[in-house]
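Fold and contact review
What follows is each chain in one-letter form.
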Amino acid sequence: METKRRALVLGATGGVGGAIAAALLRHGWQVRGMARKTPSKTGQIEWVTGDAMQRDDVVRAAAGVSVIAHAVNPPNYANWETLVLPMIAFEA
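Note that the coordinates shown come from a computational prediction; the quantities given were computed from them, not determined experimentally.

**What to know about the layout of surface pockets**
Roughly 510 Å³ of volume is contained in the largest pocket. If you trace the largest pocket, you find 21 residues lining it, with G11, T13, R36, V72 and N73 closest to the centre. Listed by contribution, the elements that provide at least two residues to the lining of the largest pocket are α1 (15-26) and β2 (30-35). For the lining of the largest pocket, the leading source of residues is α1, giving three residues. Residues belonging to the lining of the largest pocket are distributed by class as follows: ten nonpolar, eight polar and three charged.

This is the structure we're talking about:
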């Protein structure tokens, strides 16, 4: 499967993730975003339903991409010390 210039942006519905997704699109990348609830306005982003706190959801969403931008905050911006590192600490 071709993976060149396809990115997964976790947190694409937020400020930082949305800016990353927009910049990638401007530079010719195909962008996939993952969200617990797919936004009603999809634009040029390919949306997949999933939760960044669930390893299997992230692995599934990452299939076929060459870059992952992780711009996710813990739910309610709480419990950073127990949630942030486990969110990104997994093997594909």
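**With respect to the nonpolar core**
Listed in full, the eleven residues of the largest apolar core are A7, V9, A12, A21, L24, W29, V31, A35, I45, W47 and A69. Where this core is concerned, the elements lending two or more residues are β1 (6-10), α1 and β2. For W29, the residues in contact, after removing those within four places along its chain, are R5, R6, A7, L24, S66 and V67.

**Digging into the sheet that holds strand β3 (residues 46-49)**
With parallel pairing, the four strands of this open sheet are ordered in space as β3-β2-β1-β4. The open sheet has two edge strands, β3 and β4 (67-70), and neither has a second partner. Sheet twist, expressed as the average angle between the axes of neighbouring strands with direction ignored, equals 25°. Pairing geometry for β1 and β2, over five bridges, is parallel. Its bridge partner lying in β2, A7 is registered against V31. The strands that α1 touches are β1, β2 and β4; relative to β1, the one it contacts most, it runs at about 165°. Together, β1, β2, β3 and β4 form the strand contacts of helix α2 (residues 55-62), whose direction differs from that of β2 by roughly 165°.

**Considering the pairing of β2**
Taken across its six residues, β2 has five buried, putting it largely inside the fold. The pairing of β2 with β3 spans four bridges and is parallel. In the strand pairing of β3, R32 is matched with E46.

**Notes on α2**
All of the buried residues along α2 are V58, A61 and A62. Projected onto a plane normal to the axis of α2, the buried residues spread over an arc of 95° and lie on a single side. In this fold, the buried residues of α2 make contact with β1, β2, β3 and β4.

Rules used in this analysis
- Residues numbered from 1 in each chain as written.
- Predicted model: local features only at pLDDT ≥ 70, side-chain atom pairs only at ≥ 80, totals over all residues.
- Heavy atoms only, no water.
- 1 Å grid on protein atoms, 1.4 Å probe; cavity = no way out; pocket = protein on both sides within 12 Å on 5 of 7 lines; lining within 4 Å.
- Points joined across faces, edges and corners; volume = space filled by probe spheres on them.
- Helix = DSSP H or I, 4+ residues; strand = E, 2+ residues; numbered from the N terminus.
- Nonpolar A, V, L, I, M, F, W, Y, C, P; charged D, E, K, R; others polar.
- Core = buried A, V, L, I, M, F, W, Y, C linked by side-chain atoms within 4.5 Å.
- Buried < 20%, exposed > 50% of the residue type's maximum accessible area, 1.4 Å probe, protein only.
- Contact = heavy atoms within 4.5 Å.
- Pairing = 2+ DSSP bridges.
- Axes fitted to C-alpha atoms, helices over the stretch in contact; angles between N-to-C directions.
- Arc of directions from axis to C-beta.

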